Amino acid sequence: AIQKTIIDTVVGDGIDAIVETIKPELTKKLIEIYGVLPQIHEIKTPTETRKIEGVTHEKFDEILNMVNLGIPVFMTGKSGTGKNIICKQVADALGFEFYFTNAVTQEYRLTGFIDAHGNYQKTQFYDAFTKGGVFFLDEMDASVPEVLVILNAAIANGYFDFPIGRVEAHENFRVIAAGNTVGKGADNNYTGRYCIDAASLDRFALVEIDYSQKIEENICENNVELINFVHKFRETTDKCGIECLCSYRTMQRITLLEKTGMSLCDIMNVSLFKGMPIDDRNIILEQIIDEGLSKDNKYYKASKGPNFTL
């Protein structure tokens, strides 16, 4: 009995160790043969079960539940963290139409207007409000505060006075907003942002959105070396106070361009550094090693460039 217990323990631990060792290479091989396999996310509501295809953010279920309950959500996070994708996936998961408006700087962008011929020119907001659906206001913190008062009234009252008269909100009208700040005004990275008043912020549940490991793995086809470089790059630029966005789009560009045979040095220049001053690059490449990145990382080497020396 003792021998069996020992053998079972060793074998069990051994299997876990073997899986952890071969998983990255096995995943890489499967991707080479079959490509990145789609992920299916199942959503259960009181009335039905729906499925959406694609990788979802770790905060997806949290946001989905709040939107399903009719709670307005304000997603805040760095540019390129996939906030608009999350919103579209939420709409798909609920079976709702998706309506979109960017930063609103003039009232008519929400309310619509009567043109010179007496015809009402409706908006995405009007359609969502009257037909039902998820209305996504991107860059809410770049919208003028006066316009947000209009949105507040529509959310709070369940009806709104459009240019054609008072209209009741559809029962499936939902609101999601997004911004790069938490509504406290402009900062060094995001200028041109307004301070959102407390009444406006109080209408929304605030959810912070960061980069997702799952989405990164999907975008770069589980390229662990690239993911490690990107993570250390972000940590370094944050600590050094150097502005250089390394988003999902950056990772996707690098991944796609590598397949073309383009020089990796050129790829890093056009995809990531984009004319960054040599002194700033020097600081980053010095500090990124201190953050724990291996000097053998090929993306680090390519970032140095053929004529670049530390």
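My aim in this report is to walk through the structure given alongside it, one point at a time.

What counts, and where the lines are drawn
- Residues numbered from 1 in each chain as written.
- Predicted model: local features only at pLDDT ≥ 70, side-chain atom pairs only at ≥ 80, totals over all residues.
- Heavy atoms only, no water.
- Helix = DSSP H or I, 4+ residues; strand = E, 2+ residues; numbered from the N terminus.
- Buried < 20%, exposed > 50% of the residue type's maximum accessible area, 1.4 Å probe, protein only.
- Contact = heavy atoms within 4.5 Å.
- Areas by Shrake-Rupley, 256 points an atom, 1.4 Å probe, with all protein chains shown as cover.
- Pairing = 2+ DSSP bridges.
- Axes fitted to C-alpha atoms, helices over the stretch in contact; angles between N-to-C directions.
- Polar contact = N/O pair within 3.5 Å; in protein donor to acceptor, adjacent residues only side chain to side chain.
- Salt bridge = Lys/Arg side-chain N within 4 Å of Asp/Glu carboxyl O.
- Expected span 1.5 Å × (residues − 1).
- Parallel < 35°, antiparallel > 145°, perpendicular 65-115°, else oblique.
- Left-handed = near helix turned anticlockwise from the far one by under 90°.
- Core = buried A, V, L, I, M, F, W, Y, C linked by side-chain atoms within 4.5 Å.

A few points about the overall build of the protein
So, step 1. Each helix and strand counted, the protein has 13 helices and 11 strands in total.
So, step 2. The buried share of the protein, taken over its 310 residues, is 43%.
So, step 3. Long-range contacts, defined as pairs at least 24 residues apart, comprise 71% of the intrachain contacts of the protein with a sequence gap of at least 6.
So, step 4. When the accessible area of the protein is evaluated, it comes to approximately 16,900 Å², of which 50% is carbon and sulfur surface.

Points about the sheet that holds strand S10 (residues 173-179)
So, step 1. The sheet built from 5 strands is open, its strands ordered S4-S7-S10-S3-S11 with parallel pairing. In the strand order of this sheet, the two ends are held by strand S4 (98-101) and strand S11 (205-208), each with one partner. Looking at each pair of strands side by side, their axes are set apart by 20° on average, direction ignored.
So, step 2. Here strand S3 (residues 73-76) runs beside S10; their pairing, made up of 4 bridges, is parallel. When the bridges of S10 are listed, Met-75 appears paired with Ala-178.
So, step 3. Contacting S3, S4, strand S7 (133-137) and S10, helix H3 (residues 83-94) crosses the sheet at an angle of about 170° to S7.
So, step 4. This element, helix H5 (residues 124-131), spans S4, S7 and S10 of the sheet and lies at about 150° to S4.

A few points about the side chain of Thr-81
So, step 1. In this fold, Thr-81 is placed in the loop between S3 and H3.
So, step 2. Owing to a relative accessible area of 1%, Thr-81 belongs among the buried residues under this scheme.
So, step 3. Of the polar contacts made by the side chain of Thr-81, one reaches the backbone oxygen of Lys-78; its length is 2.8 Å.

So, the pattern of salt bridges
Between side chains of opposite charge, a pair can form when the charged atoms approach closely.
So, step 1. A full pass over the atoms with the stated rule returns 10 salt bridges.
So, step 2. With a shortest N-O distance of 3.0 Å, Asp-92 and Lys-88 are connected by a salt bridge. You can see Asp-92 and its partner Lys-88 sitting in helix H3, 4 residues apart, about one turn around the helix.
So, step 3. Residue Asp-92 is classed as partly exposed on the basis of its relative accessible area of 34%.

Some details on helix H6 (residues 145-157)
So, step 1. Helix length check: H6, at 13 residues, gives a terminal C-alpha distance of 18 Å against a target of 18 Å (1.5 Å per residue), a fit within 8%.
So, step 2. Val-147, Leu-148, Ile-150, Leu-151, Asn-152 and Ala-154 are the residues of H6 that are buried.
So, step 3. Buried residues belonging to H6 abut helix H4 (108-111), H5, S7, strand S8 (159-162) and helix H7 (198-202).

Comments concerning the packing of helix H2 (residues 60-68) against H3
So, step 1. Two elements in contact, H2 and H3, have axes whose closest approach is 10 Å; the angle formed by their N-to-C orientations is 55°. As the angle between them shows, H2 and H3 are arranged oblique. For the pair H2 and H3, the crossing hand works out as right-handed. Residues Phe-60, Ile-63, Leu-64, Val-67 and Asn-68 of H2 form the contact with H3, whose participating residues are Ile-86, Gln-89, Val-90, Ala-93 and Leu-94.

Some details on the nonpolar core
So, step 1. Ranked by internal contacts, the top residues of the largest apolar core, which has 29 residues, are Phe-229, Phe-233, Met-268, Leu-272 and Tyr-299.
So, step 2. Mapped by element, the contributors of at least two residues to this core are helix H8 (213-219), helix H9 (224-240), helix H10 (248-258), helix H11 (264-273), helix H12 (278-290) and helix H13 (298-304).
So, step 3. In this structure Phe-233 touches Cys-244, Cys-246, Leu-272, Phe-273, Ile-284 and Ile-288, once residues within four positions along its chain are discounted.
So, step 4. Within the second largest apolar cluster, 26 residues are counted, among which are Tyr-99, Val-147, Ala-154 and Ala-177.

Brief notes about the environment of Thr-237
So, step 1. Along the chain, Thr-237 turns up in helix H9.
So, step 2. Taking relative accessible area as the criterion, Thr-237 reaches 5% and is therefore assigned buried.
So, step 3. Sequence separation between Thr-237 and Ile-283 is 46 residues, and the spatial gap between their C-alpha atoms is 9.1 Å.
So, step 4. Among residues more than four places away in sequence, those in contact with Thr-237 are Ile-242, Cys-244 and Ile-284.
So, step 5. One polar contact links the side chain of Thr-237 to the main-chain carbonyl oxygen of Arg-234, over a distance of 3.1 Å.

Taken by themselves, the reported measurements are silent on function.
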